Amino acid sequence: MDDRVIFEARASVLADLEARGVANAGTVSVLDEACSQRRWWVEQWPEGATYLAGLIAQDVQDALVDAHGRTDRTGLWPLCEGCSDGPLHALHIEPDLGGPDPAWVCDETGTVVAELGRLNR
């Protein structure tokens, strides 16, 4: 397996963690664990490499909500910053299987906010 696909996926998710101010030792450890788990997955299904980055982002998102809940900013990573009305909510990766071409989308409005790895602060 070509490790570049893992490194590129990690870099994209890390950029978005940093963009929303939640990149710290704990969240990076969660990211590294997700990359480790998905390495086995892509070794078993090499054709799935185009889905890898989005799946890792979803894995990190799920782990953070499990660890922090839906009331903490870290648990709501990445927090939707485009909706000023209504409750705080996270963006989600589409397409649902993580790829190809994963993007962060607001479920409330259906708006594509950014490609994975391209969130802004």
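The structure this text deals with has already been given above.
In this report, we go over the structure that sits alongside the text.

About the criteria used
Residues numbered from 1 in each chain as written. Predicted model: local features only at pLDDT ≥ 70, side-chain atom pairs only at ≥ 80, totals over all residues. Heavy atoms only, no water. 1 Å grid on protein atoms, 1.4 Å probe; cavity = no way out; pocket = protein on both sides within 12 Å on 5 of 7 lines; lining within 4 Å. Points joined across faces, edges and corners; volume = space filled by probe spheres on them. Helix = DSSP H or I, 4+ residues; strand = E, 2+ residues; numbered from the N terminus. Nonpolar A, V, L, I, M, F, W, Y, C, P; charged D, E, K, R; others polar. Core = buried A, V, L, I, M, F, W, Y, C linked by side-chain atoms within 4.5 Å. Buried < 20%, exposed > 50% of the residue type's maximum accessible area, 1.4 Å probe, protein only. Contact = heavy atoms within 4.5 Å. Disulfide = S-S within 2.5 Å. Pairing = 2+ DSSP bridges. Axes fitted to C-alpha atoms, helices over the stretch in contact; angles between N-to-C directions.

Turning next to the layout of surface pockets. Over the atoms, a rolling probe the size of a water molecule traces out where space has been left empty. Roughly 290 Å³ of volume is contained in the largest pocket. Around the largest pocket, the lining comprises 14 residues; the ones closest to its centre are E8, S12, T50, A53 and P102. Put simply, the parts of the chain that give the lining of the largest pocket at least two residues each are α1 (4–19) and α3 (52–68). Top contributing element to the lining of the largest pocket by residue count: α1, with four residues. Looking at the lining of the largest pocket residue by residue, the classes come out as eight nonpolar, three polar and three charged.

Attention now goes to the nonpolar core. Counting 28 residues, the largest nonpolar core has V13, L17, L31, I56, V60, W77 and W104 as the members making the most contacts within it. Ranked by residues supplied to this core, first place goes to α3 with seven residues. In contact with L31, not counting residues within four places along its chain, are R10, V13, L14, L17, I56 and V60.

This part covers the environment of G82. Considering the arrangement of structural elements, one finds G82 in the loop between α3 and β1 (91–94). On the accessibility criterion, G82 (69% relative accessible area) is exposed.

Right, let's get into the state of the cysteines. Each disulfide consists of one covalent bond between the sulfur atoms belonging to two cysteines. Summed over the entire model, instances satisfying the criterion amount to zero disulfides. A disulfide-free cysteine, C106 has its sulfur positioned 3.6 Å from the sulfur of C83, the nearest such atom. On the accessibility criterion, C106 (2% relative accessible area) is buried.

For the rest of this paragraph, the subject is the sheet that holds strand β2 (residues 103–106). Sheet architecture is open: three strands sit in the order β1-β2-β3, paired in antiparallel fashion. A strand with exactly one partner marks an edge of an open sheet, and here the two such strands are β1 and β3 (112–115). Looking at each pair of strands side by side, their axes are set apart by 30° on average, direction ignored. Where β1 meets β2, four bridges bridge the pair, whose relative direction is antiparallel.

In this structure, the amide linkage connecting W77 to the following residue, P78, adopts the cis form with an omega of -15°. Relative to the elements of secondary structure, P78 occurs in the loop between α3 and β1. Cis geometry is adopted by the peptide bond preceding P95, which originates at E94 and carries an omega value of 0°. Position of P95 among the secondary structure elements: in the loop between β1 and β2.

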